[in-house]
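Working through the structure, step by step
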Amino acid sequence: MPALWIAHVTVTDADAYGKYAELAGPAIAKHGGRFIARGGRFVQLEGRERPRNVVAKFPSVEAAETCYHSPEYQEALSHARDASERELLIVETDE
């Protein structure tokens, strides 16, 4: 079943985070992921507001997890760790 990778992000260092974004996109695509929302308009109804919200769709939970743990994504993530505060989750979907 398909899965959604959902990230809620506050960028604290735009330059370093830009390097993350440059590397993360190809890593996500390599594992079958495609972006369906990136930083667009949102309405925060509950919880902590993060100004950047990203959703990518993967063929499965396993594909999304494999992407996260891949060397390519981990290289990208090394630029985001000190450049952002973020939450990331993967959720299986019916569609």
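Located above this text is the structure these notes cover.
In this text, all values refer to a predicted model and were calculated from it rather than measured experimentally. (Residues numbered from 1 in each chain as written. Predicted model: local features only at pLDDT ≥ 70, side-chain atom pairs only at ≥ 80, totals over all residues. Heavy atoms only, no water.)

Examining the environment of Y68
Quick note on the threshold: Put simply, DSSP H or I for four residues or longer makes a helix, DSSP E for two residues or longer makes a strand, and each gets a number counted from the N terminus. The buried label goes to any residue with under 20% of its type's maximum accessible area, the exposed label to any with over 50%, and the partly exposed label to all in between, with areas taken from a 1.4 Å probe on protein chains only. Any two residues whose heavy atoms approach within 4.5 Å are treated as being in contact.
You can see Y68 is positioned in helix α2 (residues 61-69). For Y68, a relative accessible area of 25% gives the class partly exposed. It is 9.7 Å that separates the C-alpha atoms of Y68 and W5, two residues lying 63 residues apart in sequence. Dropping the residues within four chain positions of it, Y68 is found in contact with W5, Y73, Q74, L77, R81 and L88.

A look at the sheet that holds strand β3 (residues 52-58)
Threshold: Two strands form a pair only when DSSP identifies at least two bridges running between them. Axis angles are defined between N-to-C directions and span 0 to 180 degrees, where every axis is a line fitted to C-alpha atoms and, for a helix, only to the segment in contact.
Spatially, β2-β3-β1-β4 is the arrangement adopted by the 4 strands of the open sheet, whose pairing is antiparallel. Each of the sheet's edge strands pairs with one partner strand only, and the pair in question is β2 (34-38) and β4 (84-92). The mean angle between the axes of side-by-side strands here comes to 20°, regardless of whether they run parallel or antiparallel. The sheet contact formed by strand β1 (residues 3-11) and β4 spans 9 bridges and is antiparallel. When the bridges of β4 are listed, W5 appears paired with I90. With respect to the sheet, helix α1 (residues 14-30) is in contact with β1, β2, β3 and β4, its orientation differing from that of β1 by roughly 170°.

Describing the nonpolar core
Quick note on the threshold: We call a set of buried Ala, Val, Leu, Ile, Met, Phe, Trp, Tyr and Cys residues a nonpolar core when their side-chain atoms join them within 4.5 Å.
W5, Y17, Y20, I28, F58, C67 and Y73 are the most contacted members of the largest nonpolar core, which has 19 residues in total. Looking at this core element by element, the count peaks at 5 residues for α1. Apart from residues no more than four positions distant in its own chain, C67 is found in contact with W5, A27, I28, H31, F58 and Y73.

Let's talk about the pattern of salt bridges
So the rule is basically this: The working definition used for a salt bridge is a side-chain nitrogen of Lys or Arg within 4 Å of a carboxyl oxygen of Asp or Glu.
Summed over all chains, the structure comprises 5 salt bridges. For E22, the salt bridge goes to K19, with nearest N and O atoms at 3.5 Å. Here the residue E22 and the residue K19 both occupy positions in helix α1, the gap between them amounting to 3 residues, near one helical turn. For K30, the salt bridge is made with E72, and the minimal N-O distance between the two is 2.5 Å.

Structural notes on the environment of F35
Relative to the helices and strands, F35 resides in strand β2. The exposure class assigned to F35 is partly exposed, which follows from its relative accessible area of 28%. In this structure, the C-alpha to C-alpha distance between F35 and V61, residues 26 residues apart in sequence, is 15 Å. Contacts of F35, omitting those with residues within four sequence positions, involve G25, I28, V54, V55 and A56.

A few points about helix α3 (residues 71-80)
Since the α-helix advances by 3.6 residues per turn, residues separated by three or four positions end up pointing in the same direction. Keep this limit in mind: An arc is given here, and it is the one of the directions from the helix axis to the C-beta atoms.
Among the residues making up α3, those that are buried are Y73, A76, L77 and A80. Relative to the axis of α3, the buried residues are bounded by an arc of 100° and lie together on one face. Its buried side turned inward, α3 meets β1, α1, α2 and β4.

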